[in-house]
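Observations on the model geometry
Each chain is listed here by its residues.
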Amino acid sequence: MRGSKCLVTIISATSAGDYSPYDTHYAQGIHAYENENWTEAITEFERAIEERNRYLEAKVHCSIDSCGNITGDSLKSLSIGSGFSQYVIARGLCLYKCMSEAIGKKYVDWRILPSVDEEFQARLPYQYLNVAYFKSGNIRKALETAFTFFNADPSDPEMQDTLAFYQEMEEVDDSMFVDIENPEHLKHYEIAQSVYQLEDYPQAISEFEQSLHWYWDSMDECRALCDAPFDFGDDYPDELPNYHLFQTKMVAQLLECRLKCVKQMELPCGRYHRRSNSDLLPIHYHYLMFAYHEIGDDPKAASMAKTYLTFHPDNEPMQINIQFFDQEVYEAAQPEEKAVKFHKKLMREVKMLEYLEHHFGPTYGFKYDYALLTPFPDEMFFEAEDERLMNEDIGDIDENSQTPWDPENEVKDPPTFGPSYDTPFPTGAEIGYESVAEKIDDLLFDPLAEPDKVKQVDTVHGKLPYYSAGDEKFGYVVRDSPKYSVFDDGPAVNAEGPVADGAVLKQNSTHLAGPTRFVMDGLLSDEQCESLYKLASYGIVGDGYEGDKKPHSKGEEFAGISLLTAARLADIGAVETAAVQLYHDINSKLAKIVKEYFKLETDLYIDFIHLVCRDPKDEKTTDEDGNIILSHPVHPDNCLYLPDGTCPRRPPAYVWREYSAVLYLNEDIEGGEIFFADPSGKYALAGVKPKCGRLVGFCAGTDCLHGVKKLTGGKRCALPIWYTTRKEKEDFTLEDARAILKRLNSSSASNTDSDSSEKMPSEKTEL
Ligand SMILES: O=C(O)CCC(=O)C(=O)O
Ligand SMILES: [Fe+3]
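Residues numbered from 1 in each chain as written. Chains lettered and ligands numbered in written order. Predicted model: local features only at pLDDT ≥ 70, side-chain atom pairs only at ≥ 80, totals over all residues. Heavy atoms only, no water.

With an unreviewed UniProt entry as reference, the chain is termed procollagen-proline 3-dioxygenase, source organism Oikopleura dioica. Comment text from UniProt for the chain, heading Sequence similarities (unreviewed entry), reads "Belongs to the leprecan family." (UniProt positions renumbered as here; feature names shortened; annotations may be inferred.)

See the structure below:
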């Protein structure tokens, strides 16, 4: 069998005829299910899935193996000539015969209800199976099918509850969360990334190569399945197009579908909101280049570098990398032939699609009449040239007019050989994940465009958006990477950008093993830390977390005080106004620092700020499996981190948060360092010890997965702040706090009017 079962196609047929076996089994499965005949339901649904896979495999096999090789020569033997129409006839006949043989009846008599196919694509049979297996007491299969269904749409709250329900069961362990439909290449890719992180390069090479092997198979499948029935969409012309126009539109549809396969391969199938493995194909070669270099095989490494450059010829970091190769070795190296051919083929398809769009407008929108006025140039659609296209044989294309491989998808900033070679590679955004993931999210679901949903979140202000706090397993299963180090203190880093008065940049993204993060010291004096620490002792247990005393882990208690509460306490004289003023004023300074450090053009607004302390409740630092127990599980700050590692940007996550900053107030603690994790969230890469006046700033998204190591002693107090560039998201309670502070300050000013040397409290606060 080829590739994975992750096959995506649009199959529809309107002609009367026999239902496909999978249609029939599916209907029988539903019937048995409704009668609560679980054993029969299981048999029928399993058969339906099997039959559908068999059917899709047959399509792939016929398209690629049996009918993929119709050339001018093979046409000659048919004695019908060798033009494009003859090619179409020959291939059509071949597919018809092949498919009829595969399904054991005439292909035209085959009937598949489009609605059934949609249900398969939504993985609905797995949901039926989940219930049926559960009812028959097979928990392992029940969970597997539930998890597989869940992955079709991880946002489904009902399925989240179902999984949580299974998780509570004694007999359930992590290994039972299996996605039956996960594509093979991604399985290897995920393993490859993990072993790479552990610096097991021979194993990483083997896994990346296997991932590539499956990738090519899956790509062939995906492309083959684009040979699907024509979809007129909503753009149904008054009159059906004639033969040539029909062909034209069909080719456009085919090309578009094939090009989409590149994205398709990056996504675990069915996961609508899944972060994609952006730039998946080229990045394999990037990893492989490093891995081969590490095992001393520079000729191979050079070949991988050249392959990577096929996709991104101007990629600067790679241009730097290749200078480290011995010139002779580099010149002798050849890029991988398969990748080069594939790239050419794709670029050719892009050009054709562009041509179509140029003349007809957006592919699916071009109009019949207009099309009539603009005939295609002969060489593009007829005779030999077209034969080559349909046959997927690729000719040479004009390199100079080559459209670049999706430039938005390109790795922006991978590390280089030489000076930064020690940087763990690639971590998070170095692979360029976020932009494409966001693009996909935006296409499919833009939470920001749904104000109603977003509004709900305001009512639980402060409850942090990671999946299932209190679930001791997810996000807590972390090991230190071999290069893990904890920053305590060290010399200043030569800062390129502006650094605020008194602040010293101590760590940047190079030290912290990933992009968009820094450590700065000197933001507060000892007195200021003391004053805020004292204010924090008025914290209310569970504040900001809907009263949850232990929102992040069982091993610590959490108490916080919001600025508004602090201002109200000052109002009744319970705490010093100056401390609350400091709490308020420090914010604008921190916002400025974060904005300037990350070179942002827009201002940052505070979405939420909270003075918080953590108190350890036990001293356990590892669980029975040797995993590190954390105070705060690995998480991003602006999306919903799900147990399968996906992170949909949707409520209840605070999707508008863009940057996070934590200002620490004390260092007399044991453990409790903040750390950044690798993209899988399973390895701690770099930690930072809290200390008075230390600011750690980082991005709020998945490029900056972070957590807090177990706090085993002392009370750890900090001021975390989450920023957004969206003014309308600014925390409205700050305004109320400001009003109270203003009133308090003006009354204290009028009380001391006579003393002109006395400053306003806000001025007193030297920041
Ligand atoms: O306290 C820290 O160091 C980090 C806290 C954090 O990541 C969060 O609250 O989201
Ligand atoms: Fe966080």
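What follows picks up the thread again.
Helix and strand content of the chain: 26 helices and 18 strands. Expressed as a percentage of its 767 residues, the buried residues of the chain come to 54%. Relative to all contacts within the chain whose residues are 6 or more apart in sequence, the contacts with residues 24 or more apart total 77%. If you sum the accessible surface of the chain, you get close to 33,500 Å²; carbon and sulfur atoms cover 51% of it. (Helix = DSSP H or I, 4+ residues; strand = E, 2+ residues; numbered from the N terminus. Buried < 20%, exposed > 50% of the residue type's maximum accessible area, 1.4 Å probe, protein only. Contact = heavy atoms within 4.5 Å. Areas by Shrake-Rupley, 256 points an atom, 1.4 Å probe, with all protein chains shown as cover.)

Bound to the iron ion (ligand 2) on the protein side are His635 (NE2), Asp637 (OD) and His706 (NE2), at distances that span 2.1 to 2.3 Å. Sequence positions of the residues that donate to the iron ion (ligand 2) give the spacing H-x1-D-x68-H. Taken together, the residues span a long stretch of sequence, with His635 in strand S10 (residues 630–635) and His706 in strand S16 (residues 706–709) at a distance of 71 residues. Classification of His635 as buried rests on a relative accessible area of 3%. Looking at His706, the relative accessible area reads 5%, which means it is buried. (Donors = N, O, S within 2.8 Å, 3.2 Å for Na, K, Ca; no water.)

Tyr196, Phe208, Trp216, Leu281, Tyr285, Met289 and Phe325 are the most contacted members of the largest nonpolar core, which has 53 residues in total. Listing elements by their share of this core, those giving two or more residues are helix H9 (184–197), helix H10 (201–224), helix H11 (243–266), helix H12 (280–294), helix H13 (298–311), helix H14 (316–322) and helix H16 (337–360). Of the residues forming this core, the biggest block, 10 residues, is contributed by H12. The contacts of Trp216, once residues within four sequence positions are left out, are Leu281, Tyr285, Lys338, Ala339 and Phe342. Listed in part, the 52 residues of the second largest apolar core include Phe84, Val172, Leu225 and Val655. (Core = buried A, V, L, I, M, F, W, Y, C linked by side-chain atoms within 4.5 Å.)

Next up on the list: the environment of Ile674. The residue Ile674 is located in strand S13 (residues 674–677) in this model. A relative accessible area of 2% means that Ile674 is categorised as buried. Through-space distance from the C-alpha of Ile674 to that of Val708 is 4.4 Å; in sequence the pair is 34 residues apart. Each residue touching Ile674, except ones within four places of it in the same chain, is listed here: Tyr664, Ala686, Gly687, Val688, Val696, Phe698, His706, Gly707, Val708 and Arg716.

This brings us to H13. The end-to-end C-alpha separation of H13 is 20 Å, in line with the 20 Å expected for 14 residues at 1.5 Å each. Burial analysis of H13 places 11 of its 14 residues in the buried class, the great majority of the element. Taken as a whole, H13 has its buried residues at Ala301, Ala302, Ser303, Met304, Ala305, Lys306, Thr307, Tyr308, Leu309, Thr310 and Phe311. Here H13 starts with a cap whose side-chain oxygen sits 3.2 Å from the backbone nitrogen of Lys300, and that cap is Asp297. (Expected span 1.5 Å × (residues − 1). Polar contact = N/O pair within 3.5 Å; in protein donor to acceptor, adjacent residues only side chain to side chain.)

With mixed pairing, five strands are arranged side by side in an open sheet as S3-S14-S13-S16-S10. The open sheet is flanked by strand S3 (479–487) and S10, the only strands paired with a single partner. Between one strand and the next, the sheet's axes are offset by a mean angle of 25°, whatever the strand orientation. Of the pairings in the sheet, the one linking S13 to S16 comprises three bridges and is antiparallel in character. Residue pairing in the sheet places Ile674 in a bridge with Val708 of S16. (Pairing = 2+ DSSP bridges. Axes fitted to C-alpha atoms, helices over the stretch in contact; angles between N-to-C directions.)

We now examine the pattern of salt bridges. Opposite charge on two side chains makes pairing possible when the charged atoms of those side chains draw close. Inspection of every chain in the model, using the stated rule, returns 19 salt bridges. A salt bridge links Glu51 to Arg54, with the nearest nitrogen and oxygen atoms 3.3 Å apart. In this pair, Glu51 and Arg54 are both assigned in helix H2 (residues 38–66), three residues apart and thus about one turn of the helix distant. Its relative accessible area of 12% is what places Glu51 among the buried residues. A relative accessible area of 47% means that Arg54 is categorised as partly exposed. Where salt bridges share partners, they join Asp489, Lys506, Asp521, Lys691 and Arg694 into one cluster. (Salt bridge = Lys/Arg side-chain N within 4 Å of Asp/Glu carboxyl O.)

Restricting attention to buried positions, one finds in helix H22 (residues 526–536) the residues Gln528, Cys529, Leu532, Leu535 and Ala536. Buried residues along H22 cover an arc of 125° about the axis, so they all sit on one side. Away from its buried face, by an angle of more than 90 degrees, H22 presents the exposed residues Asp526, Glu527, Glu530 and Lys534. (Arc of directions from axis to C-beta.)

A word on the state of the cysteines. The tally for this structure, following the rule as stated, stands at six disulfides. Each disulfide pairs two cysteine sulfurs, and for Cys699 the partner residue is Cys704, the sulfurs being separated by 1.9 Å. Between Cys699 and Cys704, the S-S dihedral sits near 100°, and the bridge is therefore right-handed. In terms of burial, Cys699 and Cys704 fall into one category: buried. (Disulfide = S-S within 2.5 Å.)

The next point concerns the environment of Trp38. Structurally, Trp38 can be placed in helix H2. On the accessibility criterion, Trp38 (16% relative accessible area) is buried. Spatially, the C-alpha atom of Trp38 lies 8.8 Å from that of Leu129, the residues being 91 residues apart in sequence. When residues no more than four places from it in sequence are discounted, the contact partners of Trp38 are Tyr33, Val131, Ala132, Lys135 and Ser136.

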